[in-house]
Each structure stands twice: as C-alpha cells, then as structure tokens.
Amino acid sequence: MKNQVSVSILSADFLELKTEIDKIEKSNADMLHFDVMDGVFVPNISFGFPILETVNKYTDMHLDVHLMIINPVDYIEQCVRCGADTVTIHLECDSDIAQTIKMIKKSGVKAGLSIKPSTPFESVIPYLDKIDMLLIMTVEPGFGGQSFISDMLNKISSAKKYIDEHNLNVSIQVDGGINEKTGKLASDAGADILVAGSYIFKNGSVTEAVASLAGQ
Ligand code: DX5
Ligand code: ZN
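What you are looking at is a predicted structure, and each value in this text was computed from that prediction instead of being measured.

A. View of unusual backbone geometry. Even without being glycine, Asn 167 reaches a positive phi, approximately 50°. Since its relative accessible area comes to 71%, Asn 167 is described here as exposed.

This is the structure in structure tokens:
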C-alpha cells in the first residue's frame, strides 16, 4: 500500500522557503509538516503561527501542524485561524487532552495526538475514538536530523493491531529519523503517514526523496 508523506519544513532553507514549498508542491507529497516548539515542552524553539499563516496564503497543501508546546489549549484557535488542516498535540503536555481534542474538532480540522518514545501506546487508548491521527514519535521531539529509534516499531505494530481490531478510523503517523530504509520498516509495521525532514532536503531531489517514501 502507498504511504502518505508529510514533509517537515524544519529542515528546509528558510531563506528560500518559497522555492522549497514549490519543490514540495511539485513532488507527490501529501502534506506540509510544521513543527512548532516553545522551548518549554522541548528544549528548542522553532517557528510559530506568522510563518504558518504566510505559508497558508501561498499554498493549498494540507498543513499538518505538530504542536510541541506545553499548553496547546491556549493556541488552538490561532493555529486553525492561521491555516492548520490537522492539529496534533502531545499527550504529555499540560493541557486537558479531551478538552483540547474537542476544541480542535469543533474548529473543523483534523485532530492528532502524539506520544514521545517513552510513552506507551496504551496511554492513548482512551482518546482513540476521538482523534483522526496518532503520531508515534520515532525520535525524542525537539530536533531534526536524529536517528530512528527502532524500538518504536513494536509500538507502531501494537497501535495498528488495536486500531484494526477495534475498527477505528485513525491514521498512524511516524515522525523522526525517517529515510527510505526506516520508512519501509515503519510502513511494514503499520504506519500510514511518514513525516520526513532532513531526508527530503539533504538528498538532492525533493521529488525523488518523496517518491522513495511514498512508493513503499
Ligand atoms: C522533531 C520533529 C520532526 C523533525 C523530523 O521534533 O517533530 O518533525 O522535523 O526531522 P527528521 O526527518 O530530520 O528526523
Ligand atoms: Zn514533527
């Protein structure tokens, strides 16, 4: 089965963002992945909603926003107003998870829930019937360019098994250290959407890199 590919602009050349987005649009990528970091939930600060809003004016692509922030409930409205099509929050954040998911869904966009490598799959079970996407982090959130943690393959398989057995309409997204090889492993384990940043931008051709992930 074909995977969907969400391209993380964290590894793009920000000075050439327009050209980078043109390249992503011309490839067969399904989504643009935005990593928003607040320096509290993760030890890094990336970019925020003004960039999302600007990109949203330029492209019709699906904007897949990954909020690595401590209190997402306070920013859902702004995030959706700036163009997010999917908003993903972390189970480990300080906001009330059920309330924040409800707020995302009420805004008319897709809701994602993400777990860090140390968080077991079982902790998201109470929310699976309320979300559209489960994001399984395959690196510690905070930085691009890290190596895929292969222990996460079991977590992906458990999630896939549970979702299938319970007939849930939840896609499994994986994020971190995805390249042609790890993308195939994740896909074989049950991932539907592969997020990739450095593999896409450090590989010469965006189109070829996206195709190599999508075609598995
Ligand atoms: C890490 C981010 C990822 C990151 C992936 O916290 O959530 O989306 O951009 O980068 P690569 O593909 O380089 O691991
Ligand atoms: Zn991400």
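Okay, back to it.
B. Just the packing of aromatic side chains, in detail. Inspection of the entire model under this criterion finds four aromatic pairs. When the ring of Phe 34 is compared with that of Phe 47, the centres are 5.8 Å apart and the planes differ by 85°; the resulting orientation is edge-to-face. On the criterion of sequence distance, the pair formed by Phe 34 in strand E2 (residues 31-37) and Phe 47 in the loop between E2 and helix H2 (49-58) is long-range, its members being 13 residues apart. In this structure Phe 34 comes out as buried when scored by relative accessible area, which is 0%. Take Phe 47: its relative accessible area is 10%, and that puts it in the buried class. Ring centres 6.3 Å apart and planes at 35° place the aromatic pair Phe 49 and Tyr 75 in the tilted group. Remark: Tyr 75 occurs in the loop between strand E3 (62-68) and helix H3 (76-81) and Phe 49 occurs in helix H2; sequence separation between them is 26 residues. Accessibility expressed as a relative area gives 8% for Phe 49, which makes it buried. What links up through ring pairs into an aromatic cluster is the set Phe 14, Phe 34 and Phe 47. For Lys 116, the ring lying beneath its charged end belongs to Phe 41, and the centroid distance is 4.7 Å.

C. Looking closely at the state of the cysteines. As enumerated under the stated definition, the model contains zero disulfides in all. There is no disulfide at Cys 82, and the cysteine sulfur nearest it, in Cys 79, is 7.4 Å away. Judged by its relative accessible area of 5%, Cys 82 falls in the buried class.

Reading guide: rules and limits
Residues numbered from 1 in each chain as written. Chains lettered and ligands numbered in written order. Predicted model: local features only at pLDDT ≥ 70, side-chain atom pairs only at ≥ 80, totals over all residues. Heavy atoms only, no water. Buried < 20%, exposed > 50% of the residue type's maximum accessible area, 1.4 Å probe, protein only. Phe/Tyr/Trp six-rings, centres within 6.5 Å; stacked < 30°, edge-to-face > 60°. Helix = DSSP H or I, 4+ residues; strand = E, 2+ residues; numbered from the N terminus. Lys NZ or Arg CZ within 6 Å of the ring centre and 35° of its normal. Disulfide = S-S within 2.5 Å.

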